[in-house]
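Examination of the molecular architecture
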Amino acid sequence: QVQLVESGGGLVQPGGSLSLSCAASGSMFRLNAMGWFRQAPGKERELVATITGGGTTNYADSVKGRFTISRDNAKNTVYMQMNSLRPEDTAVYYCYAEAVGPNFVKGYWGQGTQVTVSS
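What about the state of the cysteines?
- The tally for this structure, following the rule as stated, stands at one disulfide.
- Covalently, C22 is tied to C95 through a disulfide, its sulfur atoms 2.1 Å apart. In this structure the cystine formed by C22 and C95 twists about its S-S bond by roughly -80°; its chirality is therefore left-handed. On the criterion of sequence distance, the pair formed by C22 in strand β3 (residues 18-26) and C95 in strand β9 (residues 91-100) is long-range, its members being 73 residues apart.
- Take C22: its relative accessible area is 1%, and that puts it in the buried class.
- Owing to a relative accessible area of 0%, C95 belongs among the buried residues under this scheme.

Shown next, in the form of structure tokens:
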């Protein structure tokens, strides 16, 4: 079993910055892609950003140039720096990671962390 523990998030004014982190632990060989998704009230969960084990990144158009995803493979941790935040970025942010083990390849989700952008 693999656990993802998120930290960061909170309340910030428009134009402000926040950072998120997500640490994976448990029995696994390695992590493939990791990423962040978000879900606003009444909306579907949507991809925000992903990063492969080799460091290739992908971003939703709505966050390009404002958010930066990174990872530390030695710490099994993914980060996301969020700048120039807008009210429409308000959502619960979920960490995702695909873990590879001795007899599995499986995706896992974090518990979610609230990000609220409001004046």
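Let us keep going from here.
What to know about the packing of aromatic side chains
- Counted according to the given criterion, the structure contains three aromatic pairs.
- A centroid spacing of 6.1 Å and a plane angle of 70° characterise the contact between F37 and Y96, whose relative ring orientation is edge-to-face. Here F37, found in strand β4 (residues 30-39), pairs with Y96, found in strand β9; they are 59 residues apart in sequence, far enough to count as distant.
- Its relative accessible area of 17% is what places F37 among the buried residues.
- Note on Y96: relative accessible area 22%, which makes it partly exposed.

A closer look at the pattern of salt bridges
- Under the definition given, this model contains four salt bridges.
- With a shortest N-O distance of 2.7 Å, E46 and R38 are connected by a salt bridge.
- Taking relative accessible area as the criterion, E46 reaches 38% and is therefore assigned partly exposed.
- Among the salt bridges present, the one from D61 reaches K64, with a minimum N-O distance of 3.1 Å.
- You can call D61 exposed: its relative accessible area is 64%.
- The partly exposed category is assigned to K64, whose relative accessible area is 49%.
- Where salt bridges share partners, they join R38, E46, R66 and D89 into one cluster.

Focus: the sheet that holds β3
- Strand order in the open sheet made by the four strands is β1-β3-β8-β7, with antiparallel pairing throughout. Edge positions in the open sheet fall to β1 (2-8) and β7 (67-72), since each of these has one partner strand only. Averaged over all neighbouring strand pairs, the angle between strand axes comes to 15°, with direction disregarded.
- Judged from the six bridges that link them, β7 and strand β8 (residues 77-82) form a sheet pairing that is antiparallel.

Re the pairing of β4
- Pairing of β4 with β9, which is carried by eight bridges, proceeds in the antiparallel orientation. Residue pairing in the sheet places F37 in a bridge with Y94 of β9.
- Direction of pairing for β4 relative to strand β5 (residues 46-51): antiparallel, over a ladder of five bridges. Bridge pairing in β5 links W36 to A49.
- With antiparallel pairing between neighbouring strands as the criterion, β4 and β5 make up a hairpin whose turn holds six residues, including G42 at a positive phi of roughly 75°.

Each value, and the rule that gives it
- Residues numbered from 1 in each chain as written.
- Predicted model: local features only at pLDDT ≥ 70, side-chain atom pairs only at ≥ 80, totals over all residues.
- Heavy atoms only, no water.
- Disulfide = S-S within 2.5 Å.
- Helix = DSSP H or I, 4+ residues; strand = E, 2+ residues; numbered from the N terminus.
- Buried < 20%, exposed > 50% of the residue type's maximum accessible area, 1.4 Å probe, protein only.
- Phe/Tyr/Trp six-rings, centres within 6.5 Å; stacked < 30°, edge-to-face > 60°.
- Salt bridge = Lys/Arg side-chain N within 4 Å of Asp/Glu carboxyl O.
- Pairing = 2+ DSSP bridges.
- Axes fitted to C-alpha atoms, helices over the stretch in contact; angles between N-to-C directions.

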